[in-house]
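For reference, the chains in residue letters:
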Amino acid sequence: MVIVPRAGVQRRDVPPVVALAVVAAAVAVKWPGVRPLDVPGAVLLAGAHVPLLLLRRWPGGALLALVALAVTYHLAQYQHHALVPAEVIALFGYAVLGWRVRIVLSIAGALLTTCVIGMAMRAGGGSVREQIAVIEAVVAIVIAVQVWRSHRTRVAAITERAERAERTREEEARRRVAEERLRIARDLHDLLAHSITVIGVQAGAAAHLVRGDRPLDRAELGDALASIAATCRDARTELRGTLQVLRGTDVEPAPESLPGPDAIPELVRAARAAGLAVTFDGPGAGPLPPEVGVAAYRIVQEALTNVVKHAAARTAEVSLERRGGELVVRVADDGRGPAGATPGGFGVLGMIERARSVGGVLDAGPAPGHGFVVTASLPLADAPRGAGTTGAVSP
């Protein structure tokens, strides 16, 4: 049902209503009915037009007031057709502004039935037939208005649903864009922070070898430079895949090209090349869903980056283990740990977001005694069960 805003009596309604009352009075005087128009009839005729001024504000009350005056006017056998325009306007206005169709038809039927009975008692058959024709016209108007009103309601509902669906699509598109930007930002942070940190440590070690007092070990220097070159190649490969997404290319990366647990040994080797003694234990991991594998890889990558960059640690432990329906990723070190309960920056926040992206949780904090521990629990509801290791590296 369409709710039409209602206003009070408006000045623009007064001239048309006055003009309609004057025309009705002129018709009643020029073509009198059974009873000529006298003073009481003129008062009733004029009074029946007054409720039209209140039709916008109180359509139901205005119609009832007009019904009472119109019934009295018709029963007094004044000129019947003079009041028909006001009756039609009142019924039309109530049909647009008032309640449901059954209420409109009930009031219209009661009014017109009263007029028919009264005229049958006071007038001849010809007048009855004429009034029946008026009844049919009025009822047809009311029904037509209600059909139009129902159609307008349906059209408004369809339009509202279409607009709401369009808004939902736009909001969903904006949400996906925001999520994709956040994912790309996490990937770039993890990739660049890890690669640059490892390259910096390896370059520092190579510089120390060159500047040291002991004789230059060309093989050791070559290994350091080779590690730097390998780290640069790996970073360039990952960066190329990320930039494809930024450029909006339609080429989807192959599942096997995504980093996962199989690539964690490379992270361990890079951390070892940076001077950190790292052990990796992943015998209970088994096959993993791609998204869980990527999350595990990124968490280990960021955790090792933080160890190399901030912890001043000598040893670190990395482990992957299935526990029930979850993959538990743990990275612990023996460094100095953060100054507070939680380190600053975006590293830990990025790891937490990684875990949440697959429905998991992550806890990062000081270890008992000394060091720092990162533990993530990633659900494996859709992961296939299987034995074997995922790229385990011996200490």
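Residues numbered from 1 in each chain as written. Predicted model: local features only at pLDDT ≥ 70, side-chain atom pairs only at ≥ 80, totals over all residues. Heavy atoms only, no water.

Here the focus is the overall build of the protein. Looking only at helices and strands, the protein has 10 helices and five strands in total. Residue burial in the protein is summarised as follows: out of 395 residues, 38% are buried. If you take every contact in the protein between residues at least 6 apart in sequence, the share linking residues at least 24 apart comes to 75%. (Helix = DSSP H or I, 4+ residues; strand = E, 2+ residues; numbered from the N terminus. Buried < 20%, exposed > 50% of the residue type's maximum accessible area, 1.4 Å probe, protein only. Contact = heavy atoms within 4.5 Å.)

This next bit is on the pattern of salt bridges. As a working rule, side chains carrying opposite charge can pair if their charged atoms are close by. Taken as a whole and judged by the stated rule, the model has eight salt bridges. Measuring nitrogen to oxygen at the nearest pair gives 3.3 Å for the salt bridge that ties D38 to R35. In this structure, R323 engages E321 in a salt bridge whose closest nitrogen and oxygen atoms are separated by 3.4 Å. Residue R323 is classed as partly exposed on the basis of its relative accessible area, which comes to 49%. We classify E321 as partly exposed; its relative accessible area is 36%. (Salt bridge = Lys/Arg side-chain N within 4 Å of Asp/Glu carboxyl O.)

Our focus in this paragraph is helix α10 (residues 347–357). Burial in α10 covers these residues: G347, V348, G350, M351, R354 and A355. Summarising the axial view, the buried residues of α10 lie within an arc of 160°, below the 170-degree limit, and thus occupy one face. Relative to its buried face, α10 has exposed residues pointing more than 90 degrees away, namely R356 and S357. Looking one or two residues beyond α10, the residue adopting positive phi is G359, at roughly 85°. (Arc of directions from axis to C-beta.)

Bringing the packing of aromatic side chains into the picture now. Summed over all chains, the structure comprises one aromatic pair. Over the ring of W31 we find K30, and its NZ or CZ is 5.6 Å from the ring centre. (Phe/Tyr/Trp six-rings, centres within 6.5 Å; stacked < 30°, edge-to-face > 60°. Lys NZ or Arg CZ within 6 Å of the ring centre and 35° of its normal.)

Within soluble globular proteins, side chains that are nonpolar tend to cluster in buried spots. I299, L327, V329 and L378 are the most contacted members of the largest nonpolar core, which totals 38 residues. At the level of secondary structure, the elements contributing two or more residues to this core comprise α8 (264–273), β1 (277–284), α9 (290–311), β2 (315–323), β3 (326–333), α10, β4 (361–366) and β5 (372–379). Ranked by the residues each element gives to this core, the list is headed by α9, at 11 residues. (Core = buried A, V, L, I, M, F, W, Y, C linked by side-chain atoms within 4.5 Å.)

Attention now moves to unusual backbone geometry. Here the phi dihedral of Q77 falls at roughly 65°; this positive angle occurs in a residue that is not glycine. Residue placement: Q77 occurs in the loop between α3 (59–75) and α4 (84–97).

Turning next to α3. Taking 1.5 Å of rise per residue, 17 residues should cover 24 Å, and α3 covers 24 Å from first to last C-alpha, within 8% of that figure. Within α3 the residues assigned to the buried category are P59, A62, L63, L66, V67, A70, V71, Y73 and H74. For α3, the angular spread of the buried residues around the axis is 160°, confining them to a single face. Where α3 ends, the next residue or the one after it, Q77, has phi of about 65°, a positive value. (Expected span 1.5 Å × (residues − 1).)

A separate point is the pairing of β4. Where β4 and β5 come together, six bridges link them in antiparallel fashion. Across the sheet, the residue bridging to L362 is A376, located in β5. Taking the residues that link successive antiparallel strands as the turn, the β4-β5 hairpin has five residues, and the phi of G369 there is positive, at about 90°. (Pairing = 2+ DSSP bridges.)

Here we take up the pairing of β3. Taking burial as the measure, the eight residues of β3 include six buried ones, the bulk of the element. With eight bridges joining them, β2 and β3 adopt antiparallel strand pairing. Its bridge partner lying in β3, R323 is registered against E326. Linking two consecutive strands that pair antiparallel, namely β2 and β3, is a turn of two residues; a positive phi of about 65° is found at G324 within it. Examined bridge by bridge, β3 and β5 share eight bridges and lie antiparallel to one another. Counted as the bridge partner of E326 is P379 from β5.

The subject of this paragraph is a nonpolar patch on the surface. On the surface, V14, V18 and V22 cluster together to form a nonpolar patch covering roughly 240 Å² of accessible area. Within the secondary structure layout, V22 lies in helix α1 (residues 14–30). On the basis of relative accessible area, V22 is assigned to the exposed category, the value being 55%. (Patch = residues over 30% accessible without salt bridge, like charges linked within 9 Å, V, L, I, M, F, W, Y side chains within 5 Å. Areas by Shrake-Rupley, 256 points an atom, 1.4 Å probe, with all protein chains shown as cover.)

Turning our eyes to something else, we now look at the packing of helix α2 (residues 39–49) against α3. Between α2 and α3, whose axes approach to 9 Å, the crossing angle comes to 155°. Relative to α3, the element α2 lies roughly antiparallel. Relative to α3, α2 is oriented so that their crossing is left-handed. Residues G41, L44, L45, G47 and A48 of α2 form the contact with α3, whose participating residues are L66, L69, T72 and Y73. In the contact of α2 with α3, the residues fall into six nonpolar, three polar and no charged. (Axes fitted to C-alpha atoms, helices over the stretch in contact; angles between N-to-C directions. Parallel < 35°, antiparallel > 145°, perpendicular 65-115°, else oblique. Left-handed = near helix turned anticlockwise from the far one by under 90°. Nonpolar A, V, L, I, M, F, W, Y, C, P; charged D, E, K, R; others polar.)

Take the confidence of the model for the protein next. Counting all residues, the mean pLDDT for the protein is 75, and 70% of those residues have values of 70 or more. Overall, residues 1–5 carries pLDDT values under 50, and its contacts beyond four positions in sequence, including any with other chains, amount to 10 contacts. Contacts of residues 383–395 to residues separated by more than four positions or lying in other chains number 31 contacts, the stretch itself having pLDDT below 50. (pLDDT = per-residue confidence, 0-100.)

When you line up the elements, D334 lands in the loop between β3 and α10. Accessibility expressed as a relative area gives 22% for D334, which makes it partly exposed. Those residues within four positions of D334 in sequence are excluded, and the remaining contacts are A313, R314, T315, H370 and G371. A distance of 3.0 Å separates polar atoms of two side chains, one belonging to D334 and the other to T315. (Polar contact = N/O pair within 3.5 Å; in protein donor to acceptor, adjacent residues only side chain to side chain.)

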